[in-house]
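# Topology and contacts: notes
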Amino acid sequence: MSMFATLEEAIDAAREEFLAANPEQEEDEASVSQFNLQKYVMQDGDIMWQAEFFADEGDEGECLSLRSGEAAQSIFDGDFDEIELRQEWQPENTLHEWDEGEFQLEPPADSEEGEAAAEEWEDDNTDSDNYA
């Protein structure tokens, strides 16, 4: 699982991974049908992103399906608005790191560490996060 500090880096890496997995497709002629995305909040409060492209709709990966068809192809081709993608991300789908490399949808609050992490995560998905 590769996570990146910026959404653009995650999309670029997903594009490279797709092309490496499909060597018969040239970059300027590659055809994708699905774009998946996942947002993570690390224990230290950092935001990380992971993205995936698939040739067929319905393929399952590690991320949530966000766009399909022409919309997925546009993102693959670099024709997308990063701010719009951030704004459309549903906060309830964000995964929070609660232990080294282990994630869940809500920060744990049943321990002292969990409560401290929850306080750090309270500002998750603020407007400034969505425009960063």
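All values derive from a computational prediction rather than experimental measurement. (Residues numbered from 1 in each chain as written. Predicted model: local features only at pLDDT ≥ 70, side-chain atom pairs only at ≥ 80, totals over all residues. Heavy atoms only, no water.)

This next bit is on the overall build of the protein. Helices and strands together make up the secondary structure of the protein, namely five helices and five strands. Put simply, the protein runs from its N terminus to its C terminus through helices and strands in the order α-β-β-β-α-α-β-β-α-α. Residue burial in the protein is summarised as follows: out of 132 residues, 40% are buried. Within the protein, contacts between residues at least 6 apart in sequence are counted, and of these 60% link residues at least 24 apart. Within the structure as shown, the protein displays about 7,700 Å² of accessible surface, and the carbon and sulfur contribution to it stands at 41%. (Helix = DSSP H or I, 4+ residues; strand = E, 2+ residues; numbered from the N terminus. Buried < 20%, exposed > 50% of the residue type's maximum accessible area, 1.4 Å probe, protein only. Contact = heavy atoms within 4.5 Å. Areas by Shrake-Rupley, 256 points an atom, 1.4 Å probe, with all protein chains shown as cover.)

The next thing to look at is a negative patch on the surface. A cluster of acidic residues, Glu 16, Glu 17, Glu 26, Glu 27, Asp 28 and Glu 29, forms a negative patch on the protein surface. Considering the arrangement of structural elements, one finds Asp 28 in the loop between α1 (7-21) and β1 (34-41). (Patch = residues over 30% accessible without salt bridge, like charges linked within 9 Å, V, L, I, M, F, W, Y side chains within 5 Å. Salt bridge = Lys/Arg side-chain N within 4 Å of Asp/Glu carboxyl O. Lys, Arg positive; Asp, Glu negative; His and termini not counted. Charge placed at Lys NZ, Arg CZ, Asp CG, Glu CD.)

On to the pattern of salt bridges. Following the criterion strictly, the structure yields three salt bridges and no others. The salt bridge partner of Arg 67 is Glu 88, with a shortest N-O separation of 2.4 Å. Here Arg 67, found in strand β3 (residues 64-68), pairs with Glu 88, found in helix α3 (residues 82-88); they are 21 residues apart in sequence, far enough to count as distant. By relative accessible area, Arg 67 is classed as buried at 18%. Between Glu 82 and Arg 86 there is a salt bridge whose closest N-O contact spans 3.5 Å. Pair noted here: Glu 82 and Arg 86 are both in helix α3, with a separation of four residues, about one helical turn. Overall, Glu 82 belongs to the partly exposed group, its relative accessible area being 21%.

Okay, the pairing of strand β2 (residues 47-54) next. For β2, the buried fraction is high: eight of the eight residues fall into the buried class. Every second residue of β2 is oriented toward a common face, with Ile 47, Trp 49, Ala 51 and Phe 53 on one face and Met 48, Gln 50, Glu 52 and Phe 54 on the other, all of them buried. Pairing of β1 with β2, which is carried by eight bridges, proceeds in the antiparallel orientation. For Asn 36, the partnering residue across the bridge sits in β2 and is Glu 52. Count of turn residues in the β1/β2 antiparallel hairpin: five residues, of which Gly 45 carries a positive phi of about 95°. (Pairing = 2+ DSSP bridges.)

Relative to the helices and strands, Glu 16 resides in helix α1. Its relative accessible area of 57% is what places Glu 16 among the exposed residues. As for Glu 16 and Phe 76, which are separated by 60 residues in sequence, their C-alpha atoms are 10.0 Å apart.

The subject of this paragraph is the nonpolar core. Among soluble globular proteins, nonpolar side chains are generally buried collectively. Residues Ile 11, Phe 18, Phe 35, Leu 37, Ala 51, Phe 53 and Phe 76 are the most contacted members of the largest nonpolar core, which totals 20 residues. Among the elements of the structure, α1, β1, β2 and α2 (70-76) are those that each provide at least two residues to this core. Element by element, the count of residues in this core is highest for α1, at six residues. For Phe 18, the contacting residues outside a window of four places in its chain are Gln 25, Ala 30, Ser 31, Val 32, Phe 53, Phe 54, Ala 55 and Phe 76. (Core = buried A, V, L, I, M, F, W, Y, C linked by side-chain atoms within 4.5 Å.)

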